[in-house]
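# Fold and contact review
Spelled out, the chains give:
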Number of protein chains: 2
Amino acid sequence: MNIAVMGYGVVGSGVAELLEKNHDQIVKKSQQDEMRLKYILDRRTFPGDKNESLVVADFEKIISDDSVKIVVETMGGLHPAYEFVLDCLNAGKSVVTSNKELVAEKGCELLKAAKEHNANFLFEASVGGGIPIIRPITQCLAANDIDEIAGILNGTTNFILTMMIKQGMTFEDALRLAQKNGYAERDPSADIQGHDACRKIAILAALCFGKHVYPADIHTEGITEITLADVDYAAAWGGVIKLIARSKKLENGKISAIVSPAFVGYGSQLAGVDDVFNAILVRGDAIGDVVFYGRGAGKLPTASAVVADIIDCAQHMKERKDFGWGEGEEGYVSSYLDIETSLYVRLTSDSKEEVLEQANSVFGGVKALHRDNAPDNEAAFVTPAAAEKELREKLAALTGAKIESVIRITDY
Amino acid sequence: MNIAVMGYGVVGSGVAELLEKNHDQIVKKSQQDEMRLKYILDRRTFPGDKNESLVVADFEKIISDDSVKIVVETMGGLHPAYEFVLDCLNAGKSVVTSNKELVAEKGCELLKAAKEHNANFLFEASVGGGIPIIRPITQCLAANDIDEIAGILNGTTNFILTMMIKQGMTFEDALRLAQKNGYAERDPSADIQGHDACRKIAILAALCFGKHVYPADIHTEGITEITLADVDYAAAWGGVIKLIARSKKLENGKISAIVSPAFVGYGSQLAGVDDVFNAILVRGDAIGDVVFYGRGAGKLPTASAVVADIIDCAQHMKERKDFGWGEGEEGYVSSYLDIETSLYVRLTSDSKEEVLEQANSVFGGVKALHRDNAPDNEAAFVTPAAAEKELREKLAALTGAKIESVIRITDY
């Protein structure tokens, strides 16, 4: 069986490396006579690379070669990845991708095309890097009604927050260190503004709850506004700040879905997930909480997830895996303002005692937080739980205070 | 498609409950027209139970009914579970089991029988209760060479150790509380002496490394000798005591496999696994460390793993899953004495300063540990890493000291 890889970057070259390194084992597990990398699609050339001779610049080579049964897409970005993948599926070739943007935006359509042409479209590597999560959700947890899924899905932001929490670094210094270590790109916005985590939770929510979820429908906040003051107050409250992506089934058939910094209590399995590690918590009716932890990114972890999908494709050439979700619909994702939460609030005021009294009365009791060396005019508290809209309105009505920071509180 | 359940105890009744509760979803995911529970095998009668009419006492009913394609074994114990399961597989029926003893002792043979008769033999529920671990190892991590696996595989002992660590309870009191809470059986020996964890690591090692591992070949120590003094010294060292089951691929083609209490550093993902929870760490060449966490026991978590296997069987009726391991062999599991480790040692001596000096000289430097309120004649230290045999010999040669406790140290 022949394989083509589209995009010879970090992940693509890792896939080529693993296909060679663990060749015999992969052939055996695939139940094939041979598993051979035949083409690498890339516009660049790679003089001296050991796979140099496999590199082609023209997609036609791949699509027109009937001996290529499995195509790996590790190009990233929406175009032309989308067009290429759709062409492959329409030609009956199975596709494995690590491209979260592609799956989050076009997953439903591509899964449909795969089904129509008896091909597989698999994307274990698109969420959680090497952590097995897509397959456990679809298979191992098949007997469960999944109620909720939440996770630390972006290693870059988790590294930055860890440096802020453990080393007392500012956001800016931690970001620079992440860039220096190769954990953050020169333009880090997709990570630090939460878009990467947003695409991943869109995929997980679609998988758990059965309908496509568009990233644009998910309220997304990054970590750029988090300060060391907030980190200190989180500790005073009894936890840490993490960038949490989460989605929950609601009573009315809709779902919630949000990405934002959140207070996570020390007792949580998510609180101890540090550095570039990821973790995903699945809450099911029968199973309770299950957590999957590991490296959410990196060349070989991600490539190993891609190769596992390749093996799965090879095993299911005749009988494709039935796997997918339905179309999304307008209003399927509830506004975050309608979801119940508690909020942490930090404010400055020249009359902070009066403001705290106001808050106590308006919210029906708040829990004041204290930190060492706070400026005299600073106050912080945690509200009781209520619909966020209601909390925001009450907050806006407080007089004599400037709201500096508002962070949600989770119960994971 | 018809299903039979053998053994209507905690797990068996949970399976029946889930098959009814999530019926529509299970039928859909199984890609079948119907998934019906037809028989429950049990010697007891269940007057008033809603499945009373399905209960049969005679195994012949099941084996002779060709409409029964999947048989669930939740009887526990080796006999007659083994004979019944073998008969089912030989008759071409797929079998799903939660019985770790059966898989650990007879897995290789039963997998072979399944293969010969084009049936499936699945046992996700035998390790880690509801935590998906068997399938991720075989599928999601297929692209990895797995180097090592380790875990907290027994909820009862983990609960007892958690109570000792967090509440300062003695072993005896913690065991009584576990029994009161229903976490420990009246005869708790299989749990507290490590046999339950031993069976589970035997299964995981077979799966990871490809050859059957017999529980009898795994050196197994329980937690009955652990004292609060040891708990205190673990804290002084910077960690906690956990009952760790672990297995590792060695350079010479053999493996190590052991179950014993061990010091686990606070930084480890296993250190925060408390109460009845389980966690399993898999270390692969490409993936690094991946950890799976959740409830390792309990009616519905375990039943949900069984039902996931039932669905998997139903999906793979025509093309069975190729899945298994080879025969074990004499000497395949190395003696624990040949494995390199560090040891924590607690001793009493009337001349403890001299003993510590001896130890320092014999081991080439030890790290002394201190705890509050230690008796005057007590000393504790951690040795450098070396083959355990060598460490034990040196320990035996110390003069003027009584060794009270020896616990291994892990680097997970």
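Read on for an overview of the structure. (Residues numbered from 1 in each chain as written. Chains lettered and ligands numbered in written order. Predicted model: local features only at pLDDT ≥ 70, side-chain atom pairs only at ≥ 80, totals over all residues. Heavy atoms only, no water.)

## Remarks on helix H12 (residues 299-315) of chain A
Note the threshold: Strands are runs of DSSP state E lasting at least two residues, helices are runs of H or I lasting at least four, and both sets are numbered from the N terminus onward. To estimate how far a helix should extend, the number of its residues minus one is multiplied by 1.5 Å. When a residue's accessible area, from a 1.4 Å probe over protein chains only, is under 20% of the maximum for its type it is buried; when over 50% it is exposed; and in between it is partly exposed.
Between the first and last C-alpha of H12 of chain A there are 24 Å, a value that for 17 residues agrees with the 24 Å anticipated at 1.5 Å per step. Burial analysis of H12 of chain A places 14 of its 17 residues in the buried class, the great majority of the element.

## Digging into the relation of the copies chain A and chain B
This is how it is decided: Our superposition of the copies is a least-squares fit, built on the C-alpha atoms of residues whose pLDDT is at least 70 in both. In this analysis, two residues are considered to be in contact whenever any of their non-hydrogen atoms come within 4.5 Å of each other.
Expressed as a screw transformation, the operator carrying chain A onto chain B has a rotation angle of 180 degrees and an axial translation of 0.0 Å, and the superposed copies differ by an RMSD of 0.0 Å. Here the copies are linked by what is in effect a two-fold axis. Across chain A, the smallest distance between a C-alpha and the rotation axis is recorded for Phe292 of chain A, namely 2.4 Å. The residues that chain A uses at the interface reappear at the interface of chain B in 100% of cases, marking a shared surface.

## Section: a negative patch on the surface
Note the following rule: Patch building starts from residues that exceed 30% relative accessible area and form no salt bridge, then joins like charges within 9 Å and nonpolar side chains (Val, Leu, Ile, Met, Phe, Trp, Tyr) within 5 Å. Accessible surface is estimated by sampling points in the Shrake-Rupley manner with a 1.4 Å probe; for residues, cover comes only from the protein chains shown. One speaks of a salt bridge when a side-chain nitrogen belonging to Lys or Arg is within 4 Å of a carboxyl oxygen belonging to Asp or Glu. His is not counted, nor are the chain ends, whereas Lys and Arg count as positive and Asp and Glu as negative. Every charge is mapped onto a representative atom, which is NZ of Lys, CZ of Arg, CG of Asp or CD of Glu.
A grouping of Asp58, Glu60, Glu83 and Asp87 of chain A is seen on the molecular surface, where their side chains present a negatively charged patch. The partly exposed category is assigned to Glu83 of chain A, whose relative accessible area is 32%.

## So, the pattern of salt bridges
All names here are of chain B. Applying the stated criterion across every chain yields a total of 56 salt bridges over all chains. With a shortest N-O distance of 2.8 Å, Asp65 and Lys38 are connected by a salt bridge. Separated by 27 residues along the polypeptide, Asp65 in the loop between helix H3 (59-63) and strand S4 (68-73) and Lys38 in strand S2 (residues 36-41) bring together distant segments of the chain. Among the residues examined, Lys38 registers a relative accessible area of 23% and is labelled partly exposed.

## A word on the pairing of strand S11 (residues 277-284) of chain B
Residues and elements named next belong to chain B. Here is the rule: Strands pair, by our definition, only if DSSP identifies at least two bridges between them.
With eight of eight residues buried, S11 lies mostly within the body of the structure. Of the two faces of S11, both are covered, the one formed by Phe277, Ala279, Leu281 and Arg283 as well as the one formed by Asn278, Ile280, Val282 and Gly284. Note: strand S7 (residues 146-152) against S11, six bridges, orientation antiparallel. Directly across from Gly151, in S11, lies its bridge partner Ile280. In this structure, the hairpin formed by S11 and strand S12 (residues 288-295) is closed by a connection of three residues.

## Comments concerning the interface of chain A and chain B
Which entries qualify depends on this criterion: A 1.4 Å probe defines the accessible area here, and the buried area is the portion of it lost by two parts on being joined, summed over both.
Listed as interface residues are 43 residues of chain A and, on the opposing side, 43 residues of chain B. Here chain A meets chain B over a buried area of about 3,700 Å², counting both sides, of which 50% is carbon and sulfur. Inspection of the region where chain A meets chain B yields two salt bridges. The salt bridge partner of Asp285 of chain A is Lys21 of chain B, with a shortest N-O separation of 2.7 Å.

## Digging into the sheet that holds strand S4 (residues 68-73) of chain A
Residue and element names in this part refer to chain A. A sheet is described by the order of its strands in space; here six strands give the open sequence S3-S2-S1-S4-S5-S6, paired in parallel fashion. The open sheet has two edge strands with one neighbour each: strand S3 (55-56) and strand S6 (121-122). In this structure, S4 lies alongside strand S5 (residues 94-97), joined through four bridges in parallel fashion. From the neighbouring strand, Ile70 faces S5, where its bridge partner is Ser94.

## Details of the sheet that holds strand S3 (residues 55-56) of chain B
Residues and elements named next belong to chain B. An order of S3-S2-S1-S4-S5-S6 is seen for the six strands of this open sheet, with the pairing classed as parallel. Strand pairing shows two members of the sheet lacking a second neighbour, S3 and strand S6 (121-122), which therefore form its edges. Pairing analysis gives two bridges linking S2 to S3, with the strands arranged parallel. When the bridges of S3 are listed, Leu41 appears paired with Val56.

## Quick look at the pairing of strand S9 (residues 239-249) of chain B
Residue and element names in this part refer to chain B. Buried residues dominate S9, accounting for nine of its eleven residues. Pairing analysis gives eleven bridges linking S9 to strand S10 (residues 255-265), with the strands arranged antiparallel. Bridge pairing in S10 links Leu243 to Pro261. Connecting the antiparallel pair S9 and S10 is a turn made up of five residues, with Gly253 showing a positive phi of about 85 degrees.

## Details of the packing of helix H7 (residues 155-167) of chain B against helix H8 (residues 171-180) of chain B
Residues and elements named next belong to chain B. Definition in use: For helices, the axis comes from a line fit to the C-alpha atoms of the stretch in contact; other axes are also lines fit to C-alpha atoms, and the angle between any two N-to-C directions lies between 0 and 180 degrees. Every angle not falling under 35 degrees, over 145, or within 65 to 115 is termed oblique; those three ranges are roughly parallel, roughly antiparallel and roughly perpendicular. Definitions for this section: a left-handed crossing has its near helix turned counterclockwise from the far helix by less than a right angle. A right-handed crossing has that turn clockwise. Polar here means any residue other than Ala, Val, Leu, Ile, Met, Phe, Trp, Tyr, Cys and Pro, which are nonpolar, and Asp, Glu, Lys and Arg, which are charged; Gly is therefore polar.
One can describe the packing of H7 onto H8 by two numbers: an axis separation of 9 Å at closest approach and a directional angle of 130 degrees. Compared by their axis directions, H7 and H8 come out oblique. Crossing hand, H7 versus H8: right-handed. Here Phe159, Ile160, Met163 and Met164 of H7 lie close against H8, whose contacting residues are Phe171, Ala174, Leu175, Leu177 and Ala178. For the contact of H7 with H8, the per-class residue count stands at nine nonpolar, no polar and no charged.

## Brief notes about the packing of aromatic side chains
Residues and elements named next belong to chain A. Applied cut-off: Working definition: a ring pair exists when centres of Phe, Tyr or Trp rings (six-membered ring for Trp) sit within 6.5 Å. Plane angles under 30 degrees give stacked, over 60 give edge-to-face, the rest tilted. Criterion for a charge above a ring: Arg CZ or Lys NZ at most 6 Å from the ring centre, at most 35 degrees from the ring normal.
With the rule as written, the count across this model stands at 21 aromatic pairs over all chains. Note on Phe159 and Tyr183: the rings are 4.9 Å apart at their centroids and 70 degrees apart in plane angle, and the pair reads as edge-to-face. A residue pair is termed long-range when its members are at least 10 positions apart, and Phe159 in helix H7 (residues 155-167) and Tyr183 in the loop between helix H8 (171-180) and helix H9 (189-192) qualify at 24 residues. Using a relative accessible area of 5% as the deciding quantity, one classes Phe159 as buried. Taken together, the ring pairs in this structure connect Tyr233, Trp237, Phe263 and Tyr344 into an aromatic cluster. Looking at Lys106, its charged tip hangs above the ring of Tyr82, at a distance of 4.5 Å from the centre.

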